[in-house]
Amino acid sequence: MHEPSHPNRRATLGWLLALAGAGTAASCGGSSDAAPTAGPSPAPVPPPPPPPPPSSGAIGATTFASNLASPWGMAFLPDRRLLVTLKGGSLVIVSADGSGQTPVSGVPAVNSNGQGGLLDIAIDPDFATTPWVYFSYSENGTGGSGTAVARAQLSGTALVNLQVIFRQSPKVSGDGHYGSRLVFRGDKTLFVTLGERQKGSPAQDLGQTLGKVVRIHRDGSIPTDNPSLGAGALPGIWSYGHRNPQGAALHPTTGELWQSEHGPQGGDEINISRAGQNYGWPNVSYGCNYGDAYPGTDNTSCRIGGGGGVHAPSYVEPLTFWVPVSQAPSGLAFYTGSLMPEWQGNLFMGALAGTGLWRLTLNGNTIAAREKLGFPELSARIRDVRQGPDGALYALTDGAGARIVRIAR
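A few points on the structure. Keep in mind the model is a prediction, meaning the values are calculated, not measured. (Residues numbered from 1 in each chain as written. Predicted model: local features only at pLDDT ≥ 70, side-chain atom pairs only at ≥ 80, totals over all residues. Heavy atoms only, no water.)

The buried count for strand E6 (residues 118-123) comes to 6 of 6 residues, which makes it a mostly enclosed element. Of the pairings in the sheet, the one linking E6 to strand E7 (residues 132-141) comprises 4 bridges and is antiparallel in character. Bridge pairing in E7 places Ile123 opposite Val133. (Buried < 20%, exposed > 50% of the residue type's maximum accessible area, 1.4 Å probe, protein only. Helix = DSSP H or I, 4+ residues; strand = E, 2+ residues; numbered from the N terminus. Pairing = 2+ DSSP bridges.)

Written out as structure tokens, the structure is:
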């Protein structure tokens, strides 16, 4: 990571000398543009101070909040408090200074086995007038469990008027690959990322919503301009062929949905989820089946689908991928703040197995470079990352006694 440059000390010294000279001239009766007045002259009004120079301190990472019980997702409220979901089925409000946690009542029952639980959370784009909170969770039902999305109004420290607006279909056995990020589009429709529940082939089946990204209205109805995917396709499907997309963020300029998803043994991907597109799982992957051997660090020979795992032309190529070892990507966030201008436009990705936070530098829709940030506070399983209203980045660690880490200068 590059250290930011120091301010121009020579320019600063010159400004201080000029200011001192101006003060001396005034005290010695220097000229003034003020009109003459009778009686004693008023004291000269000092000029307004110049704007402060840009901060030159190094970017650092500090613990903002701690002792969170296996958190999964977080969303900032307009007053800078944080809603944080806990995998076990609880929701808490973290105070704006990070010092306290208040439980929120009214959360529905969740299946917290394996990778399930209370998962992502988002607030309504019109929260100031309609205080709806949206959250995803693993829900039990006929046939097993599946990802569900509900909304409720936040009234003090209670969720009221709860409505389930989406259910993944069908519910199946097992307790993995729920996916489950929630992202509001610019038109206020809602994207939901859905894993294929470790079943593989349903990701290609348009009669199921396993391994898909869906787009719905805030009340759960289906937008009429969703892609038309033919007879038998379930309504709401936006893109398909996904394995387990656990990170998603809206590009601040293009408005497109970027998402990260877990590969098998290697092959984690960053994709742009576009209407009607097929991303290839389980037919192709730059990763290998679990247990496959390969020489050194070259996993080309065992990549799924043959041909080195190449997706094109049948499927959409990922923007970047990690091999041969999986990072297990989690939350995504684009940085648009002013605290760290050298990071504007960069994409940040949490890593679970990879224990850290990645910074990806973009050139348009091309990922030009990527690095894992070296802060010791981020040497942990990172579950989510968000930009705060103060222009800092906030990373959520995973597991018992987890923390929220603030990254800023």
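There's more to say after this.
Looking at the secondary structure, you find Ala351 in strand E19 (residues 347-351). The spatial distance from the C-alpha of Ala351 to the C-alpha of Leu332 is 9.8 Å, given a sequence separation of 19 residues.

Take the nonpolar core next. Within the largest apolar cluster, 18 residues are counted, with the highest numbers of intra-cluster contacts made by Leu83, Leu91, Ile121, Val133, Phe135, Leu154 and Leu159. Top element by residues in this core is strand E8 (residues 144-155). It accounts for 4 residues. Leaving out residues up to four positions away in the same chain, Leu83 has contacts with Gly73, Met74, Ala75, Leu77, Leu91, Val92, Ile93, Ile121, Ile123, Val133 and Leu154. Within the second largest apolar cluster, 17 residues are counted, among which are Ala61, Leu373, Leu378 and Leu393. (Core = buried A, V, L, I, M, F, W, Y, C linked by side-chain atoms within 4.5 Å. Contact = heavy atoms within 4.5 Å.)

A separate point is the packing of aromatic side chains. The geometry of an aromatic ring pair is captured by the separation of the ring centres together with the interplanar angle, meaning the angle of the planes. On inspection of all chains with the given rule, the structure shows 9 aromatic pairs. Ring geometry for Phe76 against Tyr394: centres 5.1 Å apart, planes inclined by 65°, an arrangement best described as edge-to-face. Note that Phe76 is positioned in strand E2 (residues 71-76) and Tyr394 in strand E23 (residues 393-397), a separation of 318 residues in sequence. Summarising the burial analysis for this pair, Phe76 and Tyr394 share the class buried. Relative to Phe334, the ring of Trp258 has its centre 5.4 Å away and its plane inclined at 85°; by these criteria the two rings are edge-to-face. In this pair, Trp258 is assigned in strand E15 (residues 257-261) and Phe334 in strand E18 (residues 329-334), connecting sequence segments 76 residues apart. The buried category is assigned to Phe334, whose relative accessible area is 7%. Taken together, Phe64, Phe76 and Tyr394 form an aromatic cluster joined through their ring pairs. (Phe/Tyr/Trp six-rings, centres within 6.5 Å; stacked < 30°, edge-to-face > 60°.)

Another point: the pattern of salt bridges. Under the counting rule described, the total for this entry stands at 19 salt bridges. Between Glu371 and Arg359 there is a salt bridge whose closest N-O contact spans 2.8 Å. You can see Glu371 sitting in strand E21 (residues 366-372) and its partner Arg359 sitting in strand E20 (residues 356-363), a full 12 residues away along the chain. Residues joined by salt bridges that share partners form a network here, namely Asp120, Arg181, Asp384 and Arg386. (Salt bridge = Lys/Arg side-chain N within 4 Å of Asp/Glu carboxyl O.)

Here we come to empty space enclosed by the protein. Scanning all chains against the criterion turns up 1 cavity of 30 Å³ or more. As for the largest cavity, its lining consists of Gly241, Arg243, Glu261, His262, Gly263, Pro264, Gly267, Glu269, Tyr279, Trp281, Val284 and Ser285. Looking at the lining of the largest cavity, its residues break down into 4 nonpolar, 5 polar and 3 charged. (1 Å grid on protein atoms, 1.4 Å probe; cavity = no way out; pocket = protein on both sides within 12 Å on 5 of 7 lines; lining within 4 Å. Points joined across faces, edges and corners; volume = space filled by probe spheres on them. Nonpolar A, V, L, I, M, F, W, Y, C, P; charged D, E, K, R; others polar.)

Okay, the layout of surface pockets next. Taken as a whole, the largest pocket spans an internal volume of roughly 810 Å³. Taken together, 31 residues line the largest pocket, and the ones lying closest to its centre are Leu182, Val183, Phe184, Arg386 and Gln387. Elements with a minimum of two residues in the lining of the largest pocket: E2, E6, strand E10 (182-184), strand E14 (245-250), E18 and strand E22 (382-387). Here the residues of the lining of the largest pocket sort into 19 nonpolar, 6 polar and 6 charged.

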